[in-house]
Amino acid sequence: MRIKLKTEKLEVRSNKSEFQRHTFKCRVLICTIILLTITPFSILWTPYTVDAKIYIDISSPAIRKLPVTINAKGSTKARELEWITKADLEATGMFTFVDPDVPGAEIIANMDVDTGSGLRVVLSVNDLIEGKEVLKKRFDASKLIIRPMAHSIANDIYKVATGKKGVFRTRISYLSPLPSGRKGIRLMDWDGFNSKRIVTRGLNSSHSWTQDGKYLLFSSERNRKWRIYILDFKTLKESILFSSKGLNLVGGTSKDDMVSFSSSRDGSSEIYIINTFGKKMKKLTRSFGIDLSPVFSPEGDKIAFVSDRSGGPQIYTMDSNGKGIQRVTFQGSYNTSPAWSPDSKWLAYTGRVNGKNQIFMVKSDGSEIWQLTMTGNNESPSFSPDGLFLAFDSDRDGERGIYIMRNTGEGQRRITKKGSIAMSPEWSPYTN
Amino acid sequence: MKKILIIILLVFAAGCAKKYTKAPDEAVKAPEKPLMEETIEMKEEVIEEVEIPADEMVREEDMASQEMSAEEMARQVFQDILFDYDKYDIRAEARQTLDSVASFLNDEKDLTIAIEGHCDERGTNEYNLALGEKRSKATKNYLVSLGTSPERITVVTYGEEKQLCMDHTEDCWQLNRRAHFVVLK
């Protein structure tokens, strides 16, 4: 039985203009990717006219799993490509996999892999019920870059099935101790692979992506001064965004390039906003106690933050001009590190229960609460840009590491290696 | 003070040893050393004798200080002060430490210090940075109230980023909830 919810028409594209458009897109892609030291690859669409059907409605409360067959052939690398693609789709909890020679699949994705020079994959996605091809696409890479290629293919299959953009090419920045013992900042793929160091100086703490994915704002202690820095991913050069006496911690960014942060420049820690050029600073809170961890809502009209004005730390929201302060959490006495869901409806946060930290989700008006983790200490939730996943850190297996789960609390798994210490993940926006 | 305590403990230990070991002679020999003789008296007449050795100890320290480098002195004065869980007010027992820090700073006029605020591992990292800052500032404010010039004190927070003790026990957490002094110059 298939739940057919809506149909939409894919735009009809003319052969030439589409080709040009994508050549241009690739150039942009190259720019954004070079800094991450991944060899760029180009994507060529075979133009298509088709009625696009949504196979899985991810907004439906009871998602049924779509039976799919993923079948890669043509090269010794085909298997690896297939595994990574499957692992991506598997993580969403929306698919079951059917072997190629077994009936039952509703969709089959065939990959023709050619590693003759670089890597070329022709992807063909077929609706087996309707008996027609719904997507055909060719991917070209000048080098044998299996992982990004597989993630791109997974994104395309996911798009066919759900009508939504996948997050399999997004990245996660996180903290990890350097040999000196101080925490540096690293960057990895969403599945924990391709980890690389991006900030090695100082003792680093909170960090946040700009909404275009081009910069990382971070707080770093150097020579006993906590300042806010901005890192350009393209050049990996960092510069100071905000410096004053006291503790300065970056919170989040808005889609119109404002940065929210906390500073104790005037004595107690208060919430401020400033633009990415370090200008137009505004002070938003004035209270005796600790106000910190301010994060903009996706629309930029609200800011969630932590305050101990009621005694212990609790989550509050306010308008982005500092007015209309409302307390969101009333359960428990230690609630910190808020993160907005991309649809603005929920706040994920870290709450203390029975002496352990756990991840919770609360409706932004405080009306509904879900506890998502149960074992060990779990901290620092961050939503994927589609809101389907949360990254967080946990010590449930001993050493603290980065985990992901779906927003239902299902599918929890460690993505950083066992034995290596990692914490405080921040999920990137869509980067391409 | 510490030395007195150690001596008292030694005496008690010696007492215990008498009861439990088969060679009481050795335990008896101990008082032959002059220091031990004094402490035995101290044990007998508790109230008065505690006072007297205390003076003697001070004299000892004064003698020692002539040989002691400023660094060693500083090490003795600048002891960590400890805090309650999720609190940043100065405990009563920390005041004695802070009083001697203040008078030391009063004697060493050109000394500048940093106060680092630290937390145990249980809170979340960012909030602990803010809490650590409150601890370092509370410590600074106390010294300033005793007459130390605020310009001579830098405060910095490390939250839970620089743990002194790595076990997950209350004893360890207590050692980590501290304000730590660093002599800058």
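Note: the structure precedes this text.
Since the structure is predicted, the reported quantities are computational estimates derived from the model, not experimental observations.

## Topic: the overall build of chain B
Per the secondary structure count, chain B includes 8 helices and 4 strands. Mapped from its N terminus to its C terminus, chain B presents α and β elements in the order α-α-α-α-α-β-α-β-α-β-α-β. By the burial criterion, 28% of the 185 residues in chain B qualify as buried.

## Observations regarding the sheet that holds strand S1 (residues 81-82) of chain B
Residues and elements named next belong to chain B. One open sheet holds the 4 strands; their spatial order is S1-S4-S2-S3, and the pairing between them is mixed. Edge strands, defined here as strands with exactly one partner in the open sheet, are S1 and strand S3 (153-159). Here S1 pairs with strand S4 (residues 178-183) via 2 bridges, running antiparallel. When the sheet's bridge partners are listed, Ile-81 is paired in S4 with Ala-179. Contacts from helix H7 (residues 125-145) reach S1, strand S2 (113-118), S3 and S4 within the one sheet, and its direction differs from that of S3 by about 155°.

## Some thoughts on the sheet that holds strand S24 (residues 335-340) of chain A
Residue and element names in this part refer to chain A. Within the open sheet, the 4 strands sit side by side as S24-S25-S26-S27. Their pairing is antiparallel. Of all strands in the sheet, those bounded by a partner on one side alone are S24 and strand S27 (369-371). Recorded for the sheet is a direction-independent mean angle of 25° between the axes of neighbouring strands. Here 8 bridges tie strand S25 (residues 346-353) to strand S26 (residues 356-363), and the two strands are oriented antiparallel to one another. In the strand pairing of S26, Val-353 is matched with Lys-356.

## Notes on the interface of chain B and chain A
When the parts come together, some accessible area is lost, and that loss is often what is quoted as the size of the interface. Each side of the interface is counted separately: chain B has 12 residues, and chain A has 21 residues. Only H7 and S3 of chain B provide two or more residues apiece to the side of chain B that touches chain A. Element by element, the count of residues in the side of chain B that touches chain A is highest for H7(B), at 6 residues. Of the residues that constitute the side of chain B that touches chain A, the class distribution is 5 nonpolar, 4 polar and 3 charged.

## Some remarks on the environment of Pro385(A)
All names here are of chain A. Position of Pro-385 among the secondary structure elements: in the loop between strand S28 (378-383) and strand S29 (389-394). Note: C-alpha distance between Pro-385 and Trp-427 (42 residues apart in sequence) is 7.4 Å. Those residues in contact with Pro-385, other than ones at most four positions away along the chain, are Val-167, Thr-170, Pro-342, Trp-427, Pro-429 and Tyr-430.

## What about the packing of helix H2 (residues 78-91) of chain A against helix H3 (residues 146-162) of chain A?
All names here are of chain A. At their nearest, the axes of H2 and H3 sit 8 Å apart, and the two run at 50° to each other. When the interaxial angle is binned, H2 and H3 end up oblique. Our pair here, H2 against H3, has a crossing hand that is right-handed. Contacts from Glu-80, Leu-81, Ile-84, Thr-85, Asp-88 and Leu-89 in H2 reach Ile-146, Arg-147, Met-149, Ala-150, His-151, Ile-153, Ala-154, Ile-157 and Tyr-158 in H3. Tallied by class, the residues present in the contact of H2 with H3 amount to 10 nonpolar, 2 polar and 3 charged.

## Looking at unusual backbone geometry
Residues and elements named next belong to chain A. Unusually for a residue other than glycine, Asn-223 sits at a positive phi of about 55°. Within the secondary structure, Asn-223 sits in the loop between strand S13 (215-222) and strand S14 (225-232). Assessed through the 7 C-beta atoms surrounding it within 10 Å, Asn-223 is described here as exposed.

## Examining the nonpolar core
Residues and elements named next belong to chain A. The biggest cluster of nonpolar side chains holds 122 residues, and the ones touching the most others in it are Val-121, Ile-153, Ile-157, Leu-217, Leu-347, Ala-348 and Leu-390. Sorting elements by how many residues they give to this core places H3 first, with 8 residues. Once residues lying within four places of it in the same chain are set aside, the contact partners of Leu-217 are His-207, Ser-208, Ile-228, Ile-230, Leu-241, Val-250, Thr-253 and Val-259.

## Let's talk about the pairing of strand S30 (residues 401-406) of chain A
All names here are of chain A. Along S30, 5 of the 6 residues are buried, which leaves the element largely enclosed by surrounding structure. Relative to S30, S29 is paired through 6 bridges, and the arrangement is antiparallel. Considered in S30, the bridge of Ser-394 is made with Gly-401. Counting the residues between successive antiparallel strands, the hairpin from S29 to S30 contains 6 residues, one of them, Gly-398, with a positive phi of roughly 105°. Bridge count between S30 and strand S31 (residues 413-414): 2 bridges; the pairing is antiparallel. By the bridge assignment for S31, Tyr-403 is matched with Arg-414. Taking the residues between adjacent antiparallel strands as the criterion, S30 and S31 are bridged by 6 residues, where Gly-409 takes a positive phi near 90°.

So, how was this worked out
Residues numbered from 1 in each chain as written. Chains lettered and ligands numbered in written order. Predicted model: local features only at pLDDT ≥ 70, side-chain atom pairs only at ≥ 80, totals over all residues. Helix = DSSP H or I, 4+ residues; strand = E, 2+ residues; numbered from the N terminus. Buried ≥ 20, exposed ≤ 12 C-beta atoms within 10 Å, placed from the backbone. Pairing = 2+ DSSP bridges. Contact = placed C-beta atoms within 7 Å. Axes fitted to C-alpha atoms, helices over the stretch in contact; angles between N-to-C directions. Nonpolar A, V, L, I, M, F, W, Y, C, P; charged D, E, K, R; others polar. Parallel < 35°, antiparallel > 145°, perpendicular 65-115°, else oblique. Left-handed = near helix turned anticlockwise from the far one by under 90°. Core = buried A, V, L, I, M, F, W, Y, C linked by C-beta atoms within 7 Å.

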